[in-house]
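One letter stands for each residue in the lines below.
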Amino acid sequence: MAKSGMLRFVSVDQAYPSKRPAEERRGDFLEIYGDYIAEKAAEQASRCSQCGVPFCQVHCPLHNNIPDWLKLTAEGRLEEAYEVSSATSSMPEICGRICPQDRLCEGNCVIEKGFSSVTIGAVEKFITDTAWKEGWVRPLRPVADRSAQSVGIIGSGPAGLTAAEQLRLKGYEVHVYDRHDRPGGLLMYGIPGFKLEKAVVERRTRRLAEGGVVFHTGFEVGRDATLADLRERHDAVLIATGVYKARDIRGPGAGLAGIVPALEYLIAANRLSLGDAVPEYENGTLNAAGKHVVVLGGGDTAMDCVRTAVRQGAKSVKCLYRRDRENMPGSAREVKNAEEEGVEFVWLTAPEAFHGKGRVEAVQAHRMRLGMADVTGRRVPEPEPESAHQVEADLVIKALGFEPEDLPILFNAPELGVTRWGTVRVDPQTQMTNLEGVFAAGDIVRGASLVVWAIRDAREAAQAMHKYLAAQVAAKAA
Ligand SMILES: Cc1cc2nc3c(=O)[nH]c(=O)nc-3n(C[C@H](O)[C@H](O)[C@H](O)COP(=O)(O)OP(=O)(O)OC[C@H]3O[C@@H](n4cnc5c(N)ncnc54)[C@H](O)[C@@H]3O)c2cc1C
Ligand code: SF4
């Protein structure tokens, strides 16, 4: 089991061994925004016109005070910029790296839309990375002693970590339970290291551990304890388990070797970058090197898979998506990056079968066209007649999205209220589930979403839990 402070970080070449010569690969693995220096950040920040109608702020789920921290950055007042940016966000350097800014803050910048707006995310990353370097990120110190009450948080993704920070700050005893061997959720094991370096996540969790948050890793609720056990142990519980049931594909040949789920593939790549031994990578099962790779799906997970496969030295990488570019759920910037890296997008194409003798050798696909809109307003893809064709593949990665696991069954808590989609039902005013003292936040409430929304929801849930816990104390005292 990995403990905070014991993680090992290896070079990109170790993380993604490739047969391509090093000179050719140079630059492949640099973080997409590169590293800003103070002058570059100030230059970008000074492009903000302080327009007075901060659409960027409105469209940031955390309503970060972007115009103010851009102004302070432009004036070289970085510590103050950091104070403003961290007032509303629990991990600004992480959001700065991986928010789909083209759909959020930057996409609503009035200077210019698209790829020429003020690079808000990159400046946010720069400010907070500088704060860490300069020691402006202060240790977590509770503002009061409320340790007579304890909180149990199930899940250590961005929602769990955010709630842990907020509740520990208020002085509660905080315990975080996670079935993985390291905290971080999808920050650690889903999102690839070339977008979000693992040391950046580990730095956050280490600050929490040093501030008194107790992490119980390798602890699966449902296996190691029931929800009832945790309710017994703690005064309040937060469910922040994310969504992990991968949508699957059926059809002839779907069981062939070489057809793998996206998260297994990404976890293996992330473990490798953390220096773990990964037998499935070593034996080729989850390794794209020298292979014709086909990724099925059009969301952010698919983008991470295609870009990881390129970095592993795949012979070719194709992304099959049943709608067109305009209707793709993945970030436009990611698609552009992937294309620049050599990924071929095969739009309006859906798989129907897989061919091969024991191992996959080709995907049988047919072309699609967009028909009438459904109730959600999206045009429904339908097959073009007589358009079946084969796409060569010796590794197929299924990135078709995620749904919630069956928590009432898993947690041995059939009374836990869930929606028809399996997400946990909460009262929007109190963030509480139908069970007294049990709250929920993040993807398990919202469905597969974004890190920044998980942070926002968890900050609200932590506030609601604080209110609930304070009311318990007041009731006892009365
Ligand atoms: C491959 C991939 C790439 C993504 N890329 C981006 C991106 O670039 N930008 C972005 O904003 N969003 C991205 N997302 C979405 C984002 O990661 C999620 O919206 C976010 O992590 C949700 O946070 P969470 O805390 O609710 O859940 P998670 O991050 O999923 O964390 C949940 C945690 O709960 C633990 N857990 C689950 N069940 C149990 C149990 N029974 N007992 C104990 N522990 C349990 C899990 O091990 C996990 O650590 C991506 C998602 C994926 C899958
Ligand atoms: S949190 Fe995300 S949406 Fe908000 S300012 Fe930062 S990058 Fe933009």
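Since this is a predicted model, take the numbers as computed values, not measurements.

*Asks:* How do you make sense of the nonpolar core when you look at a structure like this?
*Replies:* Soluble, globular proteins show a tendency: their nonpolar side chains are buried together. Judged by nonpolar contacts, the single largest core of 70 residues is most densely connected at L70, L187 and L238. Considering each element in turn, this core owes the most residues, 11 residues, to helix 19 (residues 451–477). Other than its neighbours up to four places away in sequence, L187 contacts M91, I94, P158, L161, L196, K198, V201 and V451. The next biggest cluster of nonpolar side chains, apart from the first, holds 30 residues, and it includes V260, A302, A314 and I397.

*Asks:* Is there a simple way to explain the pattern of salt bridges in this structure?
*Replies:* As a working rule, side chains carrying opposite charge can pair if their charged atoms are close by. Tallying each qualifying case throughout the model produces 33 salt bridges. K125 is paired through a salt bridge with D129; the nearest N and O atoms lie 3.7 Å apart. Remark: D129 and K125 occur in helix 8 (residues 120–134); sequence separation between them is 4 residues, near one turn of the helix. For K125, a relative accessible area of 4% corresponds to the buried category. Accessibility expressed as a relative area gives 18% for D129, which makes it buried. Residues joined in a network through salt bridges with shared partners are K195, D304, R307, R311, E334 and E341.

*Asks:* When you look at the packing of helix 8 against helix 11 (residues 198–210) in this model, what are you seeing that I'm missing?
*Replies:* When two helices pack together, you describe them by how their axes are tilted relative to each other and by the distance separating the axes. Where helix 8 meets helix 11, the axes come as close as 13 Å, and the angle between the chain directions of the two elements is 50°. Accordingly, the angle class assigned to the pair helix 8 and helix 11 is oblique. With respect to the hand of their crossing, helix 8 and helix 11 are arranged in left-handed fashion. Seen from helix 8, the contacting residues are T128, D129 and W132; seen from helix 11, they are R203, R204 and R207. For the contact of helix 8 with helix 11, the class distribution of residues is 1 nonpolar, 1 polar and 4 charged.

*Asks:* For this particular structure, what's the right way to read the environment of A441?
*Replies:* Tracing the sequence through the fold places A441 in the loop between strand 16 (438–440) and helix 18 (443–446). Take A441: its relative accessible area is 2%, and that puts it in the buried class. Between the alpha carbons of A441 and S46 there is a distance of 36 Å; along the sequence they are 395 residues apart. The residues contacting A441, other than those within four sequence positions of it, are A159, L238, I239, A240, D457, A458 and A461.

*Asks:* In this structure, what is going on with the site of ligand 2? I would like to understand it.
*Replies:* Taken together, C60, N64, I66, C95, C99, Q101, L104, C105, E124 and V452 are the residues near ligand 2. A per-class count over the shell around ligand 2 returns 7 nonpolar, 2 polar and 1 charged.

*Asks:* Explain the site of ligand 1 to me, please; I cannot follow it from the model alone.
*Replies:* Near ligand 1, the surroundings consist of 34 residues, among which I98, D178, Y244, D304 and D443 are the closest. Taking Y244, its side chain carries an N or O atom lying 2.6 Å from an oxygen atom of ligand 1. Interatomic distance of 3.3 Å between a backbone N/O atom of L450 and an oxygen atom of ligand 1. For ligand 1, whose unbound accessible area comes to 1,000 Å², protein coverage reaches 98%. Counting residues per element, the ones that place at least two in the shell around ligand 1 are helix 9 (158–169), strand 2 (173–178), helix 15 (300–311) and helix 19. Here the residues of the shell around ligand 1 sort into 17 nonpolar, 11 polar and 6 charged.

*Asks:* Could you clarify how one ought to interpret the packing of aromatic side chains in this entry?
*Replies:* In this description, an aromatic ring pair is defined by two values, namely the gap between the centres and the angle between the planes. The final tally for this structure, using the stated rule, is 3 aromatic pairs. With centroids separated by 5.1 Å and ring planes inclined at 10°, the aromatic side chains of F345 and W347 adopt a geometry described as stacked. We classify W347 as partly exposed; its relative accessible area is 21%. Where F439 meets Y468, the ring centres are 5.6 Å apart and the plane angle is 70°; that geometry is what we call edge-to-face. With F439 in strand 16 and Y468 in helix 19, the pair connects residues that are 29 residues apart, well separated along the chain. With relative accessibility at 1%, the residue F439 sits in the buried group. On the basis of relative accessibility, which here comes to 13%, the residue Y468 falls in the buried class.

*Asks:* Would you explain helix 6 (residues 78–88) in this entry?
*Replies:* The complete set of buried residues in helix 6 reads L78, A81, Y82 and S85. Seen along its axis, helix 6 keeps its buried residues to an arc of 100°; they face one direction. The inward-facing, buried residues of helix 6 abut helix 5 (66–74), helix 7 (92–98) and helix 8.

*Asks:* Is there a simple way to explain the pairing of strand 4 (residues 236–239) in this structure?
*Replies:* Side chains on a regular strand alternate between the two faces of the sheet. Neither face of strand 4 is left uncovered, since the one carrying A236 and L238 and the one carrying V237 and I239 both have all their residues buried. Taken together, the 4 bridges between strand 1 (residues 150–154) and strand 4 define a ladder with parallel strand orientation. Residue pairing across strands places G152 opposite V237, the latter belonging to strand 4. Where strand 4 meets strand 16, 3 bridges bridge the pair, whose relative direction is parallel. Counterpart to L238 in the pairing with strand 16 is F439.

*Asks:* Quick question: what am I supposed to make of the sheet that holds strand 1 here?
*Replies:* Within a sheet, each strand pairs with its neighbour through backbone hydrogen bonds, oriented either parallel or antiparallel. Here 5 strands make up an open sheet; going across it, the order is 3-2-1-4-16 and the pairing parallel. Here the strands that pair on one side only, and so sit at the sheet edges, are strand 3 (214–217) and strand 16. When strand polarity is set aside, the average angle formed by the axes of neighbouring strands in this sheet is 20°. Strands strand 1, strand 2, strand 3 and strand 4 of the sheet are contacted by helix 9, whose axis makes an angle of about 170° with strand 2.

Criteria and cut-off values
- Residues numbered from 1 in each chain as written.
- Chains lettered and ligands numbered in written order.
- Predicted model: local features only at pLDDT ≥ 70, side-chain atom pairs only at ≥ 80, totals over all residues.
- Heavy atoms only, no water.
- Core = buried A, V, L, I, M, F, W, Y, C linked by side-chain atoms within 4.5 Å.
- Buried < 20%, exposed > 50% of the residue type's maximum accessible area, 1.4 Å probe, protein only.
- Helix = DSSP H or I, 4+ residues; strand = E, 2+ residues; numbered from the N terminus.
- Contact = heavy atoms within 4.5 Å.
- Salt bridge = Lys/Arg side-chain N within 4 Å of Asp/Glu carboxyl O.
- Axes fitted to C-alpha atoms, helices over the stretch in contact; angles between N-to-C directions.
- Parallel < 35°, antiparallel > 145°, perpendicular 65-115°, else oblique.
- Left-handed = near helix turned anticlockwise from the far one by under 90°.
- Nonpolar A, V, L, I, M, F, W, Y, C, P; charged D, E, K, R; others polar.
- Near = heavy atom within 4 Å.
- Polar contact = N/O pair within 3.5 Å; in protein donor to acceptor, adjacent residues only side chain to side chain.
- Areas by Shrake-Rupley, 256 points an atom, 1.4 Å probe, with all protein chains shown as cover.
- Phe/Tyr/Trp six-rings, centres within 6.5 Å; stacked < 30°, edge-to-face > 60°.
- Arc of directions from axis to C-beta.
- Pairing = 2+ DSSP bridges.

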